[in-house]
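Letter by letter, the chains look like this.
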Amino acid sequence: VNGVEVQQALLKITEGSEVPIKTPFGQVSIDTKNVLFVASGAFPGLSHDGEVVPDDLFSYGFEPEFVGRFPVCVVYHGLGKDDLVKIMKDSEDSPIRHYQADFADWDIHAHFDESAMQEVAERAYGMGTGARSIVYILDNALLGHMYELPKNFDGDITITGDTIRDPEKDLAKL
């Protein structure tokens, strides 16, 4: 499946028609005539001057028919390091909270200090992929901890910037 095939398949749905949907309970039909479709994406290198024109999207492989289904385009600016830290600290679905819950399943109380969040934010910002990078960085830094600590550790652990920078060294200290 390539991008053009996906766009062609989505055209029927977005043009306002009866669309058959297979469910575990059988097939149903949904009328998309009064459905508001919102699409988003990250487009590295796209000008951030506040305006996007269809030609900008064509250069990323979008088909004219598909772009025409979305008459309003809005540019959002990328996340800064402070935004990434705020996501880790305050969001309901924070990756930090997920890790704390995972560690708690093994009676390990995990605390992420400010230096850990700053290091993750710095690396995520450098990758240029926004908040998606947070999980990637945490997974790479804490995978060993997730497998090794439940075998021989319980209590409290503080994840620091050093943990993110050199997870093996940190794990060896525990």
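Everything numeric here is computed off the predicted structure, so don't read it as measured data.

Participant: Provide a residue-level description of the overall build of the chain, including the pertinent values.
Facilitator: When you go through the chain residue by residue, the secondary structure sums to nine helices and four strands. In the chain, the succession of helices and strands from N to C terminus is α-β-β-α-α-α-α-β-α-α-β-α-α. Taken over the C-alpha trace, the chain has a radius of gyration of 22 Å; the compact-globule value for 174 residues is 16 Å, which it surpasses by more than 25%. Its C-alpha atoms give the chain principal-axis dimensions of about 60 × 50 × 30 Å. For the chain, the proportion of its 174 residues judged to be buried stands at 27%. Taking the contacts inside the chain whose residues are at least 6 apart along the sequence as the reference set, 57% of them involve residues at least 24 apart. A total accessible area of about 11700 Å² is found for the chain, and carbon and sulfur atoms account for 54% of it. Placing the 14 positive and 30 negative side-chain charges of the chain at their respective mean positions leaves the two points 1 Å apart.

Participant: Break down the pairing of strand β3 (residues 108-112) for me, with residues and values.
Facilitator: On β3, burial follows the alternation: Ile108, Ala110 and Phe112 on one face are buried, whereas His109 and His111 on the facing-out side are not. Note: β3 against strand β4 (residues 155-159), five bridges, orientation parallel. Counterpart to histidine 109 in the pairing with β4 is aspartate 156.

Participant: Go over the pattern of salt bridges, please, and point to the residues and values.
Facilitator: Enumeration over the complete set of coordinates arrives at eight salt bridges. A salt bridge links lysine 81 to glutamate 122; the shortest N-O distance between them is 3.2 Å. Here lysine 81 is found in helix α4 (residues 81-90), whereas its partner glutamate 122 is found in helix α6 (residues 114-127), with 41 residues between them in sequence. Here the salt bridges share partners, and the residues they tie into one network are Glu119, Arg123, Asp162 and Arg165.

Participant: Account for the packing of α4 against α6, with residues named and values stated.
Facilitator: Interaxial distance between α4 and α6 falls to 9 Å at its minimum, and their mutual angle equals 130°. One element, α4, and the other, α6, form an angle in the oblique class. In the packing of α4 onto α6, the handedness of the crossing is right-handed. Contacts between α4 and α6 involve Lys81, Leu84, Val85, Met88 and Lys89 from the first element and Glu114, Met117, Gln118, Val120, Ala121, Glu122, Ala124 and Tyr125 from the second.

Participant: Mind laying out helix α7 (residues 132-152), listing which residues take part and the relevant values?
Facilitator: Given 3.6 residues per helical turn, the α-helix brings residues three or four places apart onto the same face. The first and last C-alpha atoms of α7 sit 31 Å apart over 21 residues, in line with the 30 Å expected at 1.5 Å per residue. Looking only at α7, the buried set comprises Ser133, Ile134, Ile137, Leu138, Ala141, Leu142, His145, Met146 and Leu149.

Participant: How would you explain the packing of aromatic side chains if you had to name every residue and give the values?
Facilitator: Considering all chains together, one arrives at three aromatic pairs under this definition. Arranged with centres 6.0 Å apart and planes meeting at 5°, the rings of phenylalanine 62 and phenylalanine 66 form a pair that is stacked. With a relative accessible area of 25%, phenylalanine 62 lands in the partly exposed category. One aromatic cluster in this structure is built from Phe62, Phe66 and Phe70.

Participant: Give a detailed account of a nonpolar patch on the surface, specifying residues and quantitative values.
Facilitator: A contiguous nonpolar surface patch, about 210 Å² in accessible area, is contributed by Ile21, Val28 and Ile30. When you line up the elements, valine 28 lands in strand β2 (residues 26-31).

Participant: Hey, could you go over the environment of isoleucine 159 for me, with residue numbers and the actual values?
Facilitator: Mapped onto the elements of the fold, isoleucine 159 is located in strand β4. Sequence spacing of isoleucine 159 and serine 40 is 119 residues, and the spatial spacing of their C-alpha atoms is 33 Å. What isoleucine 159 contacts, discounting residues up to four positions off in sequence, is His111, Phe112, Asp113, Ala116, Leu142 and Ile164.

Cut-offs applied
Position labels on residues start from 1 in each chain and follow its written sequence. Where totals are concerned, whole chains, interfaces and linings use all residues; where local detail is concerned, this predicted model gives features only for residues with pLDDT of at least 70, and gives and counts side-chain atom pairs only at 80 or more. By convention in this description, side-chain values take in all heavy atoms of the structure and omit both hydrogens and water. A run of H or I in DSSP counts as a helix once it spans at least four residues, and a run of E counts as a strand once it spans at least two, with each numbered from the N terminus. For this measure, only C-alpha atoms enter the radius of gyration; the expected value for a globule follows 2.2 Å times N^0.38, where N is the number of residues. Only protein chains enter the accessibility calculation, which uses a 1.4 Å probe; a residue whose area is less than 20% of its type maximum is buried, one above 50% is exposed, and one in between is partly exposed. By definition, residues are in contact when any of their heavy atoms lie within 4.5 Å. Residue burial considers only the protein chains on display, and all accessible areas are found by Shrake-Rupley using a 1.4 Å probe. The convention is simple: Lys and Arg are positive, Asp and Glu are negative, and His and the chain ends are not counted. Lys charges are placed at NZ, Arg charges at CZ, Asp charges at CG and Glu charges at CD. The rule for pairing is simple: two strands pair if DSSP sees at least two bridges between them. Just to be clear on terms, a salt bridge is a Lys or Arg side-chain nitrogen sitting within 4 Å of an Asp or Glu carboxyl oxygen. With axes taken as lines fitted to C-alpha atoms, and helix axes fitted only over the stretch in contact, angles between N-to-C directions fall between 0 and 180 degrees. Here roughly perpendicular refers to angles of 65 to 115 degrees, roughly parallel to angles under 35, roughly antiparallel to angles over 145, and oblique to all remaining angles. Throughout, a crossing is termed right-handed when the near helix is turned clockwise from the far one, and left-handed when it is turned anticlockwise from it by less than a right angle. A helix's residues, less one, multiplied by 1.5 Å, set its expected span. For this analysis, a ring pair means two rings from Phe, Tyr or Trp (six-membered ring only for Trp) whose centres lie within 6.5 Å, classed as stacked if their planes differ by under 30 degrees, edge-to-face if by over 60, and tilted for the remaining angles. Grouping into patches uses exposed residues only, defined as over 30% relative accessible area, and leaves out salt-bridged ones; the cut-off is 9 Å for like charges and 5 Å for nonpolar side chains (Val, Leu, Ile, Met, Phe, Trp, Tyr).

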